[in-house]
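# Remarks on the overall topology
Take a look at the letters that make up each chain.
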Amino acid sequence: MVYDVTIDGKDYRLELERAEAGWLCRLDGREIQMDAVLARRDVLSVLIAGKAYEIKREHTATDMHLWVGSVRYLAELRDPRSLRGRRGADADEKGPKKLLAPMPGKVMRVLIGEEQAVEVGQSILVVEAMKMQNEIKSPKKGTVRKIVAAEGANVNAGDVLAIVD
Amino acid sequence: MFNKILIANRGEIAVRVIRACRELGIASVAVYSDVDRASLHVRKADEAYHIGPPAAAESYLNFAKILDVAKRSGADAIHPGYGFLSENAKFAQACVNAGVKFIGPTAASMEMMGSKTRARQEMEKAGVPLVPGTSRGLESAEQAEQVAAKIGYPVMLKAAAGGGGKGMRLVHRAEELKSALEAAQSEAERAFADREVYIEKTIINPRHIEMQVLADQHGNTVYLGERECSIQRRHQKVLEESPSPIVDADMRRRMGEVAVRVAKAAGYSNAGTVEFLVDQDKNFYFLEMNTRLQVEHPVTELTTGLDLVHLQIRIAAGEMLPFGQEDVRIRGHAIECRIYAEDPDNNYFPSPGKITLLLLPSGPGIRRDSGMYEGWTVPIDYDPLLAKLIGYGTNRTQAISRLTRALHEYFVGGIKTNISLFRRILTDADFQAGKLDTGYLDRLLKSKPPEVRGGHPEVAAIAAGIFAILDPALAPASNGNSFPKSADGKVSGTASSWKRAARVESLG
């Protein structure tokens, strides 16, 4: 298998193949002596040149994180043969952007109306969870096209709250 | 002794009390709201009863529902835990009226300590050292100015019925006093329906040190050593330890004797905590008494070898304290970390949700009091405390190294927790030197975090690929494959394809 991997914004080309004893592994063309065992779902034990690493995998509403020991990395994995290609390669700046609820909670206030202009980082909604109020900010400069979650609505992590264009 | 105890609480403290009941051969009764049906305390108790909707006012704070469950289940005592009804004098009295034993002090003791001005008046009479100030509500701005001029600025205005920073104002200059007093009074009126505000001298960079006391119903009162609780954020304790790095045997005896005097003046029985502010010259002043079991009681249990919940139950059942002051020995050092569901990268906002992966620390000197489990969804409706991790060692250095080691073993996936904050505190030079005060944590959080050493992004890159091959059930949607394939090329179950489809949808 060949993968394009992005770890905290840095791209790697990873080639992996099962061998008789363990794995054949190349990272950016460099061969790496490596062994891996899946200890349980989402937990991997990896040995690289005798050094042992425990890796934990975690999915949030929007991202995948990998923890090597106690250090967290944002990870993205793509199959370069896939037609979908790289997700959102240029969607960050152009096109409509969805605001997702980072946690379950209740929409307390909507601060910006539809068709109003917003700056990057400007608060659009206030979501309350565990008695704490959390401001949900605009990821880009643009216009609020749609407020999906009304005041008083209960939302789950990953729910679309608003769309900014 | 009691036959059956109802625990009027939830989360880790309910589990803690249920365990004590089981150890003593007493049946336990849990209560739960709509969102707590699957919570750990319900799973661990002998009996469990539904008491209403998530809002605490309609469930965990509802006297009638809780007393009704006590009656229906045949419980002969109620343990309130901490928070919720634990310091509610009216509830303690309602238990007496219903013929159920409240495991805690009497309503009268709670009432005395519930009003800060009344507590100050009683403690003044008992000769307890107080922060200089008034022990009655301020009647006018002129009176406030006279007192402030006498005790010296800066001063603190505090609501008599106060708590949680509400109705509190720090005043640096005489010109600010009048408007600050009016603001504090109206805030106190709104928050507590009581506009009484008093004045205290502000102690600069104080430590917050508290003394555990235990009193039976026969007039025997002992102190069980102090807890250093200076590491706080927004008036919330985050990490506690016993003993305090600055308290020696002589200071412990003096503080302990004052704490016993406080408890006796309040006619106190059961477990309680006397809180002190300690200034830079190690003078200590009575702050308030907490009339309940504290969150941080495990550090005292580890350093004294006593089980405070067992003792609470035995005292409430009318037994005498089974030991005297001279039998209490402080041995070793214990530190507790409060593990909260909150996001350290997002200003410590709460982070409820489903726990998808839970790896637990163990080994020498580690105690874990927890209310969570893997697969459980942390509800949004309550305090974000998930668990407490406590490290014990023969001395402070060993306790720190064991706890640091255990924090690296601990992993909570799917939600954010403050575990990384504790790794930072425990490796901080000032913490290790015991240089603490109530401003410590704010200063630490404002400082630049240390560079992460030993990062391994290439290992993460390799692991990403291995996961996709060995454990593809939850492979990221951006992978681009229509069907996840396992290592042998078979398409995995339909359930995960549904999940994948849903994830693709949600990612847009």
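The subject of this paragraph is the overall build of chain B. A tally of helices and strands in chain B yields 17 helices and 22 strands. Relative to its length of 508 residues, chain B is compact, with a C-alpha radius of gyration of 25 Å against a globular reference of 23 Å. In terms of overall dimensions, chain B has C-alpha extents of about 80 × 55 × 45 Å along its principal axes. Considering only residue pairs separated by 6 or more positions, chain B has 64% of its internal contacts joining residues 24 or more positions apart.

Before going further, it helps to examine the overall build of chain A. Counting secondary structure elements, chain A contains zero helices and 17 strands. Scaling as 2.2 N^0.38, a compact globule of 165 residues should have a C-alpha radius of gyration of about 15 Å, whereas chain A reaches 20 Å, well beyond that. Within chain A, buried positions represent 32% of all 165 residues. Across chain A, the fraction of contacts at a sequence separation of at least 24, relative to all contacts at a separation of at least 6, is 41%.

A separate point is the domain arrangement of chain A. Here chain A is partitioned into domain 1 (2-78) and domain 2 (97-164). Between the C-alpha centres of domain 1 of chain A and domain 2 of chain A there is a distance of 34 Å.

We now examine the interface of chain B and chain A. If you look at the interface, chain B gives 42 residues, while chain A gives 53 residues. Of all the secondary-structure elements, those providing two or more residues to the side of chain B that touches chain A are β16 (349-350), β22 (411-413), α16 (457-470) and α17 (494-507) of chain B. Among the elements that line the side of chain B that touches chain A, the one with the most residues is α16 of chain B, at 14 residues. Each residue belonging to the side of chain B that touches chain A can be placed in one class, and the counts come to 24 nonpolar, 15 polar and three charged.

So, on to the sheet that holds strand β2 (residues 27-33) of chain B. Spatial strand order, β3-β2-β1-β4-β5 (chain B): five strands in an open sheet with parallel pairing. Every other strand in the sheet has two partners, leaving β3 (47-52) and β5 (101-102) of chain B as the edge strands with one partner each.

All names here are of chain B. Taking burial as the measure, the eight residues of helix α10 (residues 297-304) include eight buried ones, the bulk of the element. Within the sequence span of α10, burial applies to His297, Pro298, Val299, Thr300, Glu301, Leu302, Thr303 and Thr304. After α10 finishes, the residue glycine 305 shows a positive phi value of roughly 75 degrees.

It is worth spelling out the environment of leucine 214 of chain B at this point. All names here are of chain B. Checked against the element boundaries, leucine 214 lands in strand β9 (residues 207-215). When the 26 C-beta atoms within 10 Å are taken as the criterion, leucine 214 is described as buried. On a C-alpha basis, the gap between leucine 214 and alanine 271 in space is 4.6 Å, while along the polypeptide they are 57 residues apart.

Residue and element names in this part refer to chain A. Taken in spatial order, the nine strands of this open sheet run β4-β3-β2-β1-β9-β8-β7-β6-β5, and their pairing is antiparallel. Looking at the sheet topology across the chains shown, the edges are occupied by β4 (30-31) and β5 (34-40). The pairing of strand β2 (residues 10-19) with strand β3 (residues 22-27) spans six bridges and is classified as antiparallel. Bridge assignment links alanine 19 to a residue of β3, and that residue is glycine 22.

Moving on, we come to the domain arrangement of chain B. Domain annotation of chain B identifies domain 1 (4-103), domain 2 (132-201), domain 3 (341-425) and domain 4 (460-507). Put simply, the middle of domain 2 of chain B and the middle of domain 3 of chain B, counted by C-alpha atoms, are 38 Å apart.

Moving on: the packing of helix α7 (residues 141-151) of chain B against helix α8 (residues 174-192) of chain B. Residue and element names in this part refer to chain B. Between α7 and α8, whose axes approach to 10 Å, the crossing angle comes to 135 degrees. The angle between the axes of α7 and α8 places the two elements in the oblique class. Crossing angle aside, the handedness with which α7 passes α8 is right-handed. Between α7 and α8, the contacting residues are Ala141, Ala144, Glu145 and Ala148 on the first element and Ala174, Leu177, Lys178 and Leu181 on the second. Residue composition of the contact of α7 with α8, by class: six nonpolar, no polar and two charged.

Residues and elements named next belong to chain B. Summing up the model confidence of chain B, the mean pLDDT is 91 and the portion of residues at 70 or higher is 92%. Ignoring residues within four places in sequence, the model shows residues 475-508, a span with pLDDT below 50, making 42 contacts including any to other chains. Both scores are given for the predicted complex: the pTM is 0.84, the ipTM 0.81.

Below, the discussion takes up the nonpolar core. Ranked by size, the top nonpolar core spans 143 residues in total, and within it Ala460 and Ala463 of chain B carry the most contacts. Here alanine 460 of chain B is in contact with Ile7, Ile55, Leu66, Val68, Tyr73 and Ala75 of chain A, once residues within four sequence places are set aside. Listed in part, the 22 residues of the second largest apolar core include Ala101, Leu125 and Val144 of chain A together with Ile380 of chain B.

Once that is clear, we can look at helix α3 (residues 63-73) of chain B. All names here are of chain B. Here α3 has its buried residues at Ile66, Leu67, Val69 and Ala70. Buried residues of α3, seen end-on, are gathered within an arc of 155 degrees and therefore sit on one face of the element. Set apart from the buried face of α3 by more than 90 degrees, the exposed residues are Ala64 and Arg72. Buried positions along α3 lie against β1 (4-7), β2, β3, β4 (77-79) and α4 (89-98). Looking one or two residues past α3, glycine 74 carries a phi angle of roughly 80 degrees, positive in sign.

For the rest of this paragraph, the subject is the environment of leucine 157 of chain B. All names here are of chain B. The residue leucine 157 is located in strand β6 (residues 155-159) in this model. Considering only alpha carbons, one finds leucine 157 and phenylalanine 63, 94 residues apart in sequence, at a separation of 33 Å. Sequence-distant contacts of leucine 157, defined by excluding residues within four places in its chain, comprise Met168, Arg169, Val171, Ala180, Leu181, Ala184, Val197 and Ile199.

All right, on to unusual backbone geometry then. A negative phi angle characterises most non-glycine residues, just as the trans form characterises most peptide bonds. Residues and elements named next belong to chain B. Along the chain, tyrosine 153 connects to proline 154 via a cis peptide bond; the corresponding omega equals -5 degrees. Between serine 242 and the following residue, proline 243, the backbone shows a cis peptide bond with an omega angle of -5 degrees. Residue placement: proline 243 occurs in the loop between β11 (236-242) and α9 (249-265). Of note, alanine 193 is a non-glycine position whose phi angle comes to about 55 degrees, a positive value.

Once that is clear, we can look at the packing of helix α1 (residues 11-23) of chain B against helix α11 (residues 308-316) of chain B. Residue and element names in this part refer to chain B. Relative orientation of the contacting elements α1 and α11 amounts to 65 degrees, with a least axis distance of 9 Å. When the axes of α1 and α11 are compared, the pair comes out roughly perpendicular. With respect to the hand of their crossing, α1 and α11 are arranged in right-handed fashion. Residues Arg16, Val17, Ala20 and Glu23 of α1 touch α11, and the partners they reach there are Val309, His310 and Ile313.

Scoring rules and cut-offs
Residues numbered from 1 in each chain as written. Chains lettered and ligands numbered in written order. Predicted model: local features only at pLDDT ≥ 70, side-chain atom pairs only at ≥ 80, totals over all residues. Helix = DSSP H or I, 4+ residues; strand = E, 2+ residues; numbered from the N terminus. Rg over C-alpha atoms; globule rule 2.2 N^0.38 Å. Contact = placed C-beta atoms within 7 Å. Buried ≥ 20, exposed ≤ 12 C-beta atoms within 10 Å, placed from the backbone. Domains from an automatic or database assignment. Nonpolar A, V, L, I, M, F, W, Y, C, P; charged D, E, K, R; others polar. Pairing = 2+ DSSP bridges. Axes fitted to C-alpha atoms, helices over the stretch in contact; angles between N-to-C directions. Parallel < 35°, antiparallel > 145°, perpendicular 65-115°, else oblique. Left-handed = near helix turned anticlockwise from the far one by under 90°. pLDDT = per-residue confidence, 0-100. Core = buried A, V, L, I, M, F, W, Y, C linked by C-beta atoms within 7 Å. Arc of directions from axis to C-beta.

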